[in-house]
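# Descriptive analysis of the structure
Spelled out from the first residue to the last, the chains are:
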Amino acid sequence: MIQQSGYSYRVLESKTDIGISFARIRDIALGKRAPVRLSEFIAICQACRQDPVSTLRRIIQRAETIKAPPAPAINADDEQARIEETLRRVQQGDMTIVADHDPLKQQYIDHGDGDDPA
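Definitions and limits used
- Residues numbered from 1 in each chain as written.
- Predicted model: local features only at pLDDT ≥ 70, side-chain atom pairs only at ≥ 80, totals over all residues.
- Heavy atoms only, no water.
- Salt bridge = Lys/Arg side-chain N within 4 Å of Asp/Glu carboxyl O.
- Helix = DSSP H or I, 4+ residues; strand = E, 2+ residues; numbered from the N terminus.
- Buried < 20%, exposed > 50% of the residue type's maximum accessible area, 1.4 Å probe, protein only.
- Polar contact = N/O pair within 3.5 Å; in protein donor to acceptor, adjacent residues only side chain to side chain.
- Core = buried A, V, L, I, M, F, W, Y, C linked by side-chain atoms within 4.5 Å.
- Contact = heavy atoms within 4.5 Å.

Moving on to the pattern of salt bridges. Counted by the stated rule, this structure contains seven salt bridges. A salt bridge links R24 to E40; the nearest nitrogen and oxygen atoms lie 2.9 Å apart. Of this pair, R24 sits in helix α3 (residues 22-30) while E40 sits in helix α4 (residues 38-47), and the two are 16 residues apart along the sequence. According to the relative accessible area criterion, E40 is buried, its value standing at 5%.

A few words now on the environment of R37. The residue R37 is located in the loop between α3 and α4 in this model. Judged by relative accessible area, which is 52%, R37 ranks as exposed. Of note is the side chain of R37, whose polar atom sits 2.7 Å from the side chain of E40.

Here we take up the nonpolar core. Listed in full, the eight residues of the largest apolar core are I2, L12, I20, I25, A43, I44, A47 and C48. Top element by residues in this core is α4. It accounts for three residues. Contact partners of C48, with chain neighbours within four places excluded, come to M1, I2, S5, Y7 and L12.

Below is the structure:
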(Lines give C-alpha, C1' and ligand atoms only; values in the text may rest on other atoms or scores of the structure.)
Protein backbone atom coordinates (compact mmCIF):
# COMPACT_ATOMS: atom_id res chain seq x y z
CA MET A 1 0.00 0.00 0.00
CA ILE A 2 2.82 2.40 0.86
CA GLN A 3 4.58 1.81 -2.47
CA GLN A 4 1.30 1.91 -4.38
CA SER A 5 0.43 5.30 -2.88
CA GLY A 6 3.26 6.94 -4.80
CA TYR A 7 4.23 8.91 -1.70
CA SER A 8 7.77 9.00 -0.42
CA TYR A 9 8.44 7.99 3.17
CA ARG A 10 9.06 11.66 4.02
CA VAL A 11 5.70 12.71 2.56
CA LEU A 12 3.93 9.97 4.50
CA GLU A 13 5.74 11.09 7.64
CA SER A 14 4.25 14.55 7.20
CA LYS A 15 0.79 13.19 6.33
CA THR A 16 0.44 11.02 9.45
CA ASP A 17 -0.91 12.91 12.40
CA ILE A 18 0.43 10.61 15.10
CA GLY A 19 4.11 11.30 14.49
CA ILE A 20 5.29 8.18 12.67
CA SER A 21 8.91 8.83 11.75
CA PHE A 22 10.43 8.44 8.30
CA ALA A 23 12.54 5.53 9.57
CA ARG A 24 9.53 3.75 11.07
CA ILE A 25 7.52 4.13 7.85
CA ARG A 26 10.48 2.72 5.91
CA ASP A 27 10.76 -0.21 8.33
CA ILE A 28 7.03 -0.95 8.01
CA ALA A 29 7.21 -0.78 4.21
CA LEU A 30 10.21 -3.12 4.14
CA GLY A 31 8.83 -5.50 6.79
CA LYS A 32 11.66 -4.86 9.22
CA ARG A 33 11.65 -4.66 13.00
CA ALA A 34 8.44 -4.84 15.03
CA PRO A 35 5.08 -5.43 13.32
CA VAL A 36 2.96 -2.41 12.52
CA ARG A 37 0.85 -1.15 15.43
CA LEU A 38 -2.87 -0.70 14.88
CA SER A 39 -2.58 3.07 15.32
CA GLU A 40 0.23 3.17 12.72
CA PHE A 41 -1.77 1.01 10.31
CA ILE A 42 -4.80 3.28 10.54
CA ALA A 43 -2.72 6.47 10.18
CA ILE A 44 -0.87 5.10 7.13
CA CYS A 45 -4.13 3.93 5.55
CA GLN A 46 -5.61 7.39 6.02
CA ALA A 47 -2.48 9.08 4.64
CA CYS A 48 -2.63 6.78 1.59
CA ARG A 49 -6.37 7.43 1.21
CA GLN A 50 -7.26 3.80 1.84
CA ASP A 51 -10.06 2.48 4.02
CA PRO A 52 -8.42 0.69 6.98
CA VAL A 53 -11.26 -1.85 7.29
CA SER A 54 -11.26 -2.93 3.64
CA THR A 55 -7.46 -2.95 3.62
CA LEU A 56 -7.39 -5.22 6.65
CA ARG A 57 -9.96 -7.51 5.00
CA ARG A 58 -7.70 -7.81 1.93
CA ILE A 59 -4.74 -8.62 4.18
CA ILE A 60 -6.72 -11.33 5.96
CA GLN A 61 -7.93 -12.82 2.67
CA ARG A 62 -4.39 -12.92 1.33
CA ALA A 63 -3.05 -14.44 4.56
CA GLU A 64 -5.66 -17.21 4.35
CA THR A 65 -4.40 -18.19 0.90
CA ILE A 66 -0.80 -18.53 2.06
CA LYS A 67 -0.12 -22.07 3.16
CA ALA A 68 2.57 -22.30 5.79
CA PRO A 69 5.13 -25.05 5.29
CA PRO A 70 4.69 -27.91 7.74
CA ALA A 71 6.88 -27.67 10.79
CA PRO A 72 9.54 -30.32 10.84
CA ALA A 73 9.04 -33.10 13.37
CA ILE A 74 11.37 -32.65 16.30
CA ASN A 75 12.41 -35.37 18.65
CA ALA A 76 12.49 -33.85 22.15
CA ASP A 77 15.85 -35.53 22.74
CA ASP A 78 17.41 -34.18 19.58
CA GLU A 79 19.13 -30.99 20.77
CA GLN A 80 20.65 -30.20 17.37
CA ALA A 81 17.22 -30.32 15.70
CA ARG A 82 15.85 -27.92 18.32
CA ILE A 83 18.76 -25.55 17.76
CA GLU A 84 18.26 -25.66 13.98
CA GLU A 85 14.50 -25.06 14.35
CA THR A 86 15.13 -22.10 16.66
CA LEU A 87 17.64 -20.60 14.21
CA ARG A 88 15.18 -21.11 11.35
CA ARG A 89 12.45 -19.29 13.28
CA VAL A 90 14.77 -16.42 14.21
CA GLN A 91 15.88 -16.05 10.58
CA GLN A 92 12.25 -16.06 9.36
CA GLY A 93 11.29 -13.45 11.95
CA ASP A 94 8.92 -15.81 13.79
CA MET A 95 10.80 -15.14 17.00
CA THR A 96 13.42 -12.75 18.26
CA ILE A 97 16.05 -12.93 20.93
CA VAL A 98 15.13 -10.52 23.70
CA ALA A 99 18.08 -10.68 26.04
CA ASP A 100 21.36 -12.51 26.30
CA HIS A 101 21.84 -11.97 30.04
CA ASP A 102 19.36 -12.55 32.83
CA PRO A 103 20.46 -12.02 36.42
CA LEU A 104 17.83 -14.56 37.53
CA LYS A 105 18.97 -17.31 35.14
CA GLN A 106 20.27 -19.62 37.86
CA GLN A 107 17.05 -19.19 39.86
CA TYR A 108 15.02 -20.27 36.80
CA ILE A 109 17.30 -23.26 36.29
CA ASP A 110 17.05 -24.30 39.94
CA HIS A 111 13.38 -23.51 40.62
CA GLY A 112 11.61 -22.95 37.28
CA ASP A 113 9.86 -19.78 36.24
CA GLY A 114 6.56 -20.30 38.05
CA ASP A 115 4.74 -21.55 34.95
CA ASP A 116 5.25 -25.21 35.79
CA PRO A 117 2.06 -27.08 36.79
CA ALA A 118 1.57 -27.70 40.49
